[in-house]
Amino acid sequence: MSFEGKTAWITGASSGIGAALAREWAARGARIILSGRDEARLTQVAGGIDGETLILPFDVRDEAAMKAATQQAIDWHGGVDIFVANAGISQRSAAVDTDMAVYREIIDIDLTAQIAATQALLPHLVERQSGTLLFISSIAGKVGVPMRTAYCAAKFGLIGYADALRAELSQQGVSVHVVCPGSVATDVSRNALTANGSKRGRSDKVIDNGIAPDEATKRIVDAVEANQREIIVAEGVEEAMGELRRTPDQLLDQVAGMVAAGYMDKMKADS
């Protein structure tokens, strides 16, 4: 897979993994669309990219703004080739102490909004019979991690959506990839929500000592280039946990084979 001349649209692109993915794909010849809530930070990221960029700021929970941005992204160079569902927020609180509003907010941002953005772009990709969808989940989307019950629920759900979508699109030229990062040196812990919904405001030592974002995203893009469907980017015990819970390629092939054998057509006919 070559990325030269492709258009890559990245949400949550103002910092961390999103910004690093933008730099990595630009270095490989792609045009970059940057989305997030903070236009000033997106502009700063764009300034560090040697290549053509488009800034489309919006809140992922604003469905009208998201749909308008989708049309702008499609119109920019006649289509979107790569879409990265990366926007998200983490959590640091015990379930027994956590307000239900925190669950709703994290699941809305990390899961529902990512599905809505993908669904808005999906008809375009299916019509073109080409494209790449990349979902940024987490090791916490494969293994339940204490103090992150809402985050785990959302990230597990994102993998479920992506896996089912991959099977549905397996005959339509659209590839679907899931990334499960472990500790990457970003502000994810500092920005995490506490039990009452306030920002934590401090980082974890394990995060601060994690994989550098540029190194993590190089691994991610290499894996997409190699058409790896489930991408684990972690080290040490986190990598071991992720590999232990990795979905076997044989199982992914089996589900895609059901679609190839007419499973969806039969289900539609029976409904």
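What you are looking at is a predicted structure, and each value in this text was computed from that prediction instead of being measured.

### Topic: helix α4 (residues 100-128)
Then, in step 1: With 29 residues, α4 extends 41 Å from end C-alpha to end C-alpha; this agrees with the ideal 42 Å at 1.5 Å per step.
Then, in step 2: Looking one or two places after α4, you find Gln 129, whose phi comes out positive at around 60°.

### Some thoughts on the packing of α4 against helix α5 (residues 149-169)
Relative placement of two packed helices is described by the angle separating their axes and the distance separating the axes.
Then, in step 1: Axis separation between α4 and α5 bottoms out at 8 Å; the angle between their running directions is 15°. When the interaxial angle is binned, α4 and α5 end up roughly parallel. For the pair α4 and α5, the crossing hand works out as right-handed. Residues Tyr 103, Ile 106, Ile 107, Asp 110, Leu 111, Gln 114, Ile 115, Thr 118, Gln 119, Leu 122 and Val 126 of α4 form the contact with α5, whose own contacting residues are Thr 149, Ala 150, Tyr 151, Ala 153, Ala 154, Lys 155, Gly 157, Leu 158, Tyr 161, Leu 165 and Leu 169.
Then, in step 2: Looking at side-chain class alone, the contact of α4 with α5 contains 15 nonpolar, five polar and two charged residues.

### Details of the nonpolar core
Then, in step 1: Counting 44 residues, the largest nonpolar core has Trp 9, Leu 133 and Phe 135 as the members making the most contacts within it.
Then, in step 2: Those elements that place two or more of their residues in this core are α3 (63-76), β4 (82-85), α4, β5 (131-136), α5 and β6 (174-181).
Then, in step 3: In terms of residues, this core owes the most to one element, α4, which gives eleven residues.
Then, in step 4: When residues no more than four places from it in sequence are discounted, the contact partners of Phe 135 are Ala 85, Thr 118, Leu 158, Tyr 161, Ala 162, Leu 165, Val 176, His 177, Val 178 and Val 179.
Then, in step 5: Grouped together as the second largest cluster of nonpolar side chains are 31 residues, Val 45, Ile 82, Leu 134 and Ile 211 included.

Reading guide: rules and limits
- All residue numbers here refer to positions counted from 1 along the written sequence of the relevant chain.
- Residue-level local features of this predicted model are given only where pLDDT is at least 70; pairs of side-chain atoms are given and counted only at 80 or more, and the full residue set underlies all totals for whole chains, interfaces and linings.
- Based on all heavy atoms of the structure, the side-chain values leave hydrogens and waters out of the count.
- A helix here means a DSSP run of H or I that spans at least four residues, while a strand means a run of E at least two residues long, and both kinds are numbered starting from the N terminus.
- Here the expected length of a helix is defined as 1.5 Å per residue gap, with one fewer gap than residues.
- Here an axis means a line fitted to C-alpha atoms, over the contact stretch when the element is a helix, while the angle between two N-to-C directions is reported on a 0 to 180 degree scale.
- An angle counts as roughly parallel when it lies under 35 degrees, as roughly antiparallel when it exceeds 145, as roughly perpendicular when it falls between 65 and 115, and as oblique in every other case.
- Here a crossing is taken to be left-handed if its near helix is turned anticlockwise relative to the far helix by less than a right angle, and right-handed if that turn runs clockwise.
- Residue contacts are counted whenever heavy atoms from the two residues lie within 4.5 Å of one another.
- Residue polarity is assigned by list, with Asp, Glu, Lys and Arg as charged and Ala, Val, Leu, Ile, Met, Phe, Trp, Tyr, Cys and Pro as nonpolar; anything else, Gly included, falls into the polar class.
- In this description, a nonpolar core means a group of buried Ala, Val, Leu, Ile, Met, Phe, Trp, Tyr and Cys residues linked to one another through side-chain atoms lying within 4.5 Å.
- Burial classes: relative accessible area under 20% of the type maximum marks a residue as buried, over 50% as exposed, and values in between as partly exposed (1.4 Å probe, protein chains only).

Interpretation note: all reported values are geometric properties and have no functional meaning in isolation.
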